Amino acid sequence: MKPLGWARSWAIARRDLHHGFRGLRLLFICLLLGVATLAAIGSLTAAITSELAARGQTLLGGDVEVAMTQREATPAEVAALRGYGQLSETIRMRAMAQRTDGDGKPGPSAILTELKGIDQAYPLYGALMLGKGALTHPLADDEILIGRALADRLDLSMGETLRYGSAVYRISDIIADEPDRVGEGFTLGPVALVSLEGLRRTGLLMPGSLYESKYRIRLTSGADAAAVGKRIEGRFPSAGWEVKDRDRAAPGANRFFERMGQFLSLIGLAALVIAGIGISNGVSSYLTRKRDDLATLKVLGATSADIARIYMLQIGLVTVLAMACGLAAGALLPPVLIALAGDVLPVRPGFAIHALPLLTSALYGMLIAFIFTLPPLARARTEPAAALFRAVVERPHGAGGGGARGGAPARDAVACLAGGRRRRAGPCPAGRRHGPHPAVRRDGAWRNRCHVAATARPRARHQVAGCTPAPRESPAVAAGGRGSPPSPRADPGPGRRPRPRPHFVRDARRHRNQPQCRDRPDRAEKGAQPVRAGHSDR
């Protein structure tokens, strides 16, 4: 028979596939969940890292940043840095904030904070948002801006005073959003902003103090920030500066989210591999339910390649639909997760489709589906039709009797199609109901024990048939004594003598007269004469 080809195989597969994916729902659910998890993790990581890269100038506070510790830049160095563009200077240190009203309020009177001095050009990109709006004027030397966390912990409000070192500041407003907060890195406490001159009033800037000076440069339009940073490093090789550009505005945050994304992707991939076990079990169960269809197709002439093509198309269709639904869910989940996270994330990226994580998730899902569906499909492809029909016809014998499901004509027809010679044994010649025992194969046919005993050698019938000799009856009981109505055996009719029950002896010739194993003329051995009724060998 010619192979069916892809077109006819697709027609058969489409007609055979249930509209509700009955039998393949486990495959659909496992792939949907696995691909959706991988796609959501990849899309969320890509959204956060892309937002960090897009907001590089704002997070860094400029196009190029030059940082140095425990010192400020010299006038010559400041002049050199101003030659590349607009310059902004900040100094950041850790200091204790103290309330000036003593113990009049509950709670701590002093906590560790991040004190930051800014100049008039701060910020070069973005805006410093306060409770009353954006900062529009330079800070006075005695003014201070504090974060919401500092105000809550010290129970402070606008207009009150706060002490740092030897300087006292008046709280002018509460910080709502600091533009370069992510670029500052790790902090140990809430933030407070003062002017550079106000910071020097504290008396905390002295030799040996732990503080960090940062100089941000805003380049002209079209300037290459990376090239400018390399020129600065080459011009001051021994200055001990740390130079960053806008493409690496928050390297710590980038590393954190990239590693977190890799870790979560590994967990999602492991979950997808575990789901592959469910995929394999679901496909195996589906192909087991399709054994009758497989056997029918093979008997009608379908090749193993046709079988594999038909069911591969079905599994492939379900796989593609599951992956499409999983990719759609993975692309829509990141905005939901970002909204649930709230202020936990440093940035709030908007909705965007990231093709690379979606493509990677689809490839992983297709690979897992192929690996775990190929073994059961290969087993169904190479199993012969006779074995498939035998699995359909046979079933374990029940407690009430053995046999296959269905009637004898249907079973014999299926057995003939499968190429076997099995046929159902006739009724037991002794009239017995046999228990659940397997049939015995003899002379190319299947018969039960009593049929084999009927054609076996005389001395072996009793052992083969497994018959139990019936108890000997007295003539009175056989004749229906004690006033009971005569039995059909005791009263055979007018003109006929009742047939007495023979005595059971170990002699083979007399054993043939047992009611359980009496020979019939059509099953008598060649050359042996059946024993007539009433005949005695005595």
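Above this text is the structure in question.
Figured I'd write up the structure that's included with this text.

Cut-offs used in this document
Residues numbered from 1 in each chain as written. Predicted model: local features only at pLDDT ≥ 70, side-chain atom pairs only at ≥ 80, totals over all residues. Heavy atoms only, no water. Phe/Tyr/Trp six-rings, centres within 6.5 Å; stacked < 30°, edge-to-face > 60°. Buried < 20%, exposed > 50% of the residue type's maximum accessible area, 1.4 Å probe, protein only. Helix = DSSP H or I, 4+ residues; strand = E, 2+ residues; numbered from the N terminus. Lys NZ or Arg CZ within 6 Å of the ring centre and 35° of its normal. Axes fitted to C-alpha atoms, helices over the stretch in contact; angles between N-to-C directions. Parallel < 35°, antiparallel > 145°, perpendicular 65-115°, else oblique. Left-handed = near helix turned anticlockwise from the far one by under 90°. Contact = heavy atoms within 4.5 Å. Nonpolar A, V, L, I, M, F, W, Y, C, P; charged D, E, K, R; others polar. Core = buried A, V, L, I, M, F, W, Y, C linked by side-chain atoms within 4.5 Å. Polar contact = N/O pair within 3.5 Å; in protein donor to acceptor, adjacent residues only side chain to side chain. Salt bridge = Lys/Arg side-chain N within 4 Å of Asp/Glu carboxyl O. Expected span 1.5 Å × (residues − 1). Bend = angle between axes of the 7 residues up to and from the residue.

1. Details of the packing of aromatic side chains
Next, step 1: In the structure shown here, the tally under the stated rule is 4 aromatic pairs.
Next, step 2: Aromatic pair Phe236 and Trp241: ring centres 4.7 Å apart, planes at 40°, arrangement tilted.
Next, step 3: According to the relative accessible area criterion, Trp241 is buried, its value standing at 13%.
Next, step 4: Each ring, one from Tyr286 and one from Tyr311, has its centre 6.4 Å from the other, and the planes form 70°; the classification is edge-to-face. Taken together, the positions of Tyr286 in helix 8 (residues 251–289) and Tyr311 in helix 10 (residues 304–341) put the pair 25 residues apart, joining distant regions of the chain. Residue Tyr286 shares its accessibility class with Tyr311, and that shared class is buried.
Next, step 5: Between the NZ or CZ atom of Arg218 and the centre of the ring of Tyr125, over which it lies, the distance is 4.4 Å.

2. Regarding the packing of helix 1 (residues 5–16) against helix 10
Next, step 1: Helix 10 packs onto helix 1 with a crossing angle of 55° between their chain directions and a minimal axis gap of 9 Å. In terms of their interaxial angle, helix 1 and helix 10 are classed as oblique. Here helix 1 and helix 10 pass one another in a crossing that is right-handed. Here helix 1 contributes Gly5, Trp6, Ser9, Trp10, Ile12, Ala13 and Asp16 to the contact with helix 10, which in turn contributes Asp306, Arg309, Ile310, Tyr311, Leu313, Gln314 and Leu317.
Next, step 2: Looking at side-chain class alone, the contact of helix 1 with helix 10 contains 8 nonpolar, 3 polar and 3 charged residues.

3. A look at unusual backbone geometry
For residues other than glycine, phi is negative in most cases, and the peptide bonds are mostly trans.
Next, step 1: Looking along the chain, the bond that leaves Tyr122 and enters Pro123 is cis, with omega of -5°.
Next, step 2: Structurally, Pro123 is set in the loop between strand 3 (110–118) and strand 4 (129–130).
Next, step 3: In this model, Gln70 sits at a positive phi of 60°, which is unusual for a non-glycine residue.
Next, step 4: Tracing the sequence through the fold places Gln70 in the loop between strand 1 (64–69) and helix 4 (75–82).

4. Here we look at the nonpolar core
Next, step 1: Judged by nonpolar contacts, the single largest core of 29 residues is most densely connected at Leu27, Ile279, Leu287 and Tyr311.
Next, step 2: By residue number, the principal contributor to this core is helix 10, which donates 7 residues.
Next, step 3: Once residues within four sequence positions are removed from consideration, Leu287 is found in contact with Leu294, Tyr311, Pro376, Leu377 and Ala380.
Next, step 4: Within the second largest apolar cluster, 23 residues are counted, among which are Met93, Ile111, Leu162 and Ala192.

5. Some remarks on the environment of Thr303
Next, step 1: Mapped onto the secondary structure, Thr303 falls in the loop between helix 9 (291–299) and helix 10.
Next, step 2: Remark: the alpha-carbon pair of Thr303 and Leu4, spanning 299 residues in sequence, is separated by 8.5 Å.
Next, step 3: A polar contact is formed between the side chain of Thr303 and the side chain of Asp306, at a distance of 3.0 Å.

6. Some points on the pattern of salt bridges
Next, step 1: Applying the stated criterion across every chain, the model contains 13 salt bridges.
Next, step 2: Residues Arg216 and Asp180 are paired through a salt bridge, measuring 3.1 Å at the closest nitrogen-oxygen approach. With Arg216 in strand 10 (residues 211–218) and Asp180 in the loop between strand 8 (167–177) and strand 9 (191–195), the pair connects residues that are 36 residues apart, well separated along the chain.
Next, step 3: One salt-bridge network, held together by shared partners, links Glu65, Lys116, Glu178, Asp180, Arg216 and Lys244.

7. Digging into the side chain of Lys244
Next, step 1: Note that Lys244 resides in strand 11 (residues 242–245).
Next, step 2: Owing to a relative accessible area of 9%, Lys244 belongs among the buried residues under this scheme.
Next, step 3: The contacts of Lys244, once residues within four sequence positions are left out, are Leu60, Asp63, Val64, Glu65, Gly183, Ala249 and Pro251.

8. Describing the side chain of Arg92
Next, step 1: Looking at the element boundaries, Arg92 is found in strand 2 (residues 86–99).
Next, step 2: Among the polar contacts listed, one links the side chain of Arg92 to the side chain of Glu114, at a separation of 3.4 Å.
Next, step 3: When sequence neighbours within four positions are dropped, the list of residues in contact with Arg92 reads Glu114, Leu115, Lys116, Glu184, Phe186, Thr187, Tyr211 and Glu212.

9. Details of helix 11 (residues 355–382)
Next, step 1: If you check helix 11, its first and last C-alpha atoms are 40 Å apart, about what 28 residues at 1.5 Å a residue would give, namely 40 Å.
Next, step 2: The sharpest bend along helix 11 comes to roughly 35°, located at Leu374, with the proline Pro375 sitting one to four residues further on.
Next, step 3: Within the span of helix 11, buried status applies to Pro357, Leu358, Ser361, Ala362, Gly365, Ile368, Ala369, Thr373, Pro376, Leu377 and Ala380.
Next, step 4: Those residues of helix 11 that are buried lie in contact with helix 2 (25–54), helix 8, helix 9 and helix 10.

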